[in-house]
Structure formats: structure tokens, C-alpha cells
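Residue-level structural notes
Chain residues, written in single-letter form:
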Amino acid sequence: RPDGSRITVTRERDVPDGSGGVIVYVADEDGPIALADLALVEAAILAYATPVGVPCDVQNAVALPITCTLTVWIGTSTTATDQEVKDAILSALVAYVKAVKIGGYDLGSGGIVPLRGGLEEAAVGESPTATTPGSGAKQVATVLKLQFAAPSGDTSIAANEVPTINGTPTITVNRVSGA
């Protein structure tokens, strides 16, 4: 950048273009990078990272906003407020999608952002990609159950898409006596 500040590309995916070249998709932790920054990233890739004779097309990843609606059941012995539980879940969901690579995870039938093993575990606090142990609802509450209404299953994602959380998730907290 002309002002000397850094451009941080945290996610990259390269795919064959079908003509002997490669398409490089880039994103930062929040999703697609600013268009002005894309031109600078492309110039750097073309100058320093492109093999001789291999055409390279640098493109921004496309945001795939995921709407989350979920309900969590916690014990009444939990001292955290409902808002603290919601905040812990939101932080864990955002951290999870920031760790998902462009194009998601290909489990054999194309890219996905998994619900089970992904978003659910992040919300509860058991995600293998969680940035800190005990993130999610378990950080502040005794979680009895957590259920997503949306997404209702794995989310399909194209090779050029990067997941983001769409707005603020709708989170309902139910307290269960005796727990």
C-alpha cells in the first residue's frame, strides 16, 4: 500500500483454469479483500510467485454469507447472562468461519461448510479449529443441548467462495432447572 500498511491475505486457493494456467483466489479473515488491495496482491503474486510460463489470474474470493439461527439449552445453575452465552457462541462461530479455507472442505462430493463437526461444535465449544480451548457456549455455561434451525445441514460452497457469518445470528437461550 502506498501508506506502508500491510495487506493480510489469510486464505488462498489455487485451481487449474483448464488451459494450463492457474486461478488464485484470495481472502482475508473477514472474507473478500478490498478491491484496491486486490490489485496490489495480484501485482505481488505476478512479480514474485508465478512460475515462468504459467498464466496466473488472481481473483477475489466471493463471500458466502451463512445465516445462523439456533437454540441452546443451558442449566439454571449457569451464572452467565443469556447475552454472555450468545456472545460466546457468536465469537466461536466467527472464529470458526475465519478458519474455513476458500472452497470449504471437500468430503468427496464438492466443497461444504459442515454443520455437524463444524458450526455446531464451534457454537458449543468443541470445534477442532477453535482458536482457544473452551470457546463457545461451554466457555460460560453448562450446555445441555444445542440445535441449529439454520443452516439445517451442511452448506455447499463453490471453489471460489469463502464463508462469512450473515449479520448477527439469532440465538435463543433456554434455561433448564435442575441442571
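Summary of the structure given here.

About the criteria used
Every residue gets a number counted from 1 within its own chain, in the order that chain's sequence is written. In keeping with the model being predicted, local features are shown solely for residues with a pLDDT of at least 70 and side-chain atom pairs are shown and tallied solely at 80 or more, while totals for entire chains, interfaces and linings include all residues. By convention in this description, side-chain values take in all heavy atoms of the structure and omit both hydrogens and water. Numbering of helices and strands runs from the N terminus; a helix is a DSSP stretch of H or I covering at least four residues, while a strand is a stretch of E covering at least two. Categorising residues by exposure relies on relative accessible area from a 1.4 Å probe, with only protein chains included: less than 20% of the type maximum marks a residue as buried, more than 50% marks it as exposed, and the intermediate range marks it as partly exposed. Whether two residues are in contact is decided by their heavy atoms, any of which lying within 4.5 Å being enough. Lys and Arg are tallied as positive, Asp and Glu as negative. Neither His nor the chain termini are counted. Every charge is mapped to an atom, namely NZ of Lys, CZ of Arg, CG of Asp or CD of Glu. As used in this record, nonpolar core signifies buried Ala, Val, Leu, Ile, Met, Phe, Trp, Tyr and Cys residues forming a set joined through side-chain atoms within 4.5 Å. Angles run from 0 to 180 degrees between N-to-C directions of axes, and those axes are lines fitted to C-alpha atoms, restricted for helices to the stretch in contact. We call a crossing left-handed when the near helix sits turned anticlockwise from the far one by less than a right angle, and right-handed when that turn is clockwise. Under the convention adopted here, Pro, Cys and the residues Ala, Val, Leu, Ile, Met, Phe, Trp and Tyr are nonpolar, Asp, Glu, Lys and Arg are charged, and Gly plus all remaining residues are polar.

Here we take up the overall build of the protein. Looking only at helices and strands, the protein has 3 helices and 11 strands in total. From first element to last, N terminus to C terminus, the protein shows the α and β order β-β-α-β-β-β-α-β-β-α-β-β-β-β. When the 179 residues of the protein are sorted by exposure, 41% land in the buried category. Long-range contacts, defined as pairs at least 24 residues apart, comprise 73% of the intrachain contacts of the protein with a sequence gap of at least 6. Both charge centroids of the protein, one from 11 positive and one from 19 negative side chains, sit 8 Å from each other.

Take the nonpolar core next. The biggest cluster of nonpolar side chains holds 28 residues, and the ones touching the most others in it are Val72, Val85, Ile89, Leu93 and Phe148. Contributing elements (two or more residues each) for this core: strand 4 (62-66), strand 5 (69-75), helix 2 (82-99), helix 3 (115-124), strand 8 (143-150) and strand 11 (170-176). With near-sequence residues (within four places) excluded, Ile89 lies in contact with Leu70, Val72, Ala123, Gly136, Ala137, Leu146 and Ile171. Judged by nonpolar contacts, the second largest core, of 9 residues, contains Leu38, Val41, Ile45 and Cys56.

What follows is about the packing of helix 2 against helix 3. Look at helix 2 against helix 3: their axes get within 7 Å of each other, and the N-to-C directions meet at 145 degrees. Between helix 2 and helix 3 lies a crossing whose hand is right-handed. Contacts between helix 2 and helix 3 pair Ile89, Ala92, Leu93, Tyr96 and Val97 from the former with Gly118, Leu119, Ala122 and Ala123 from the latter. Of the residues that constitute the contact of helix 2 with helix 3, the class distribution is 8 nonpolar, 1 polar and no charged.

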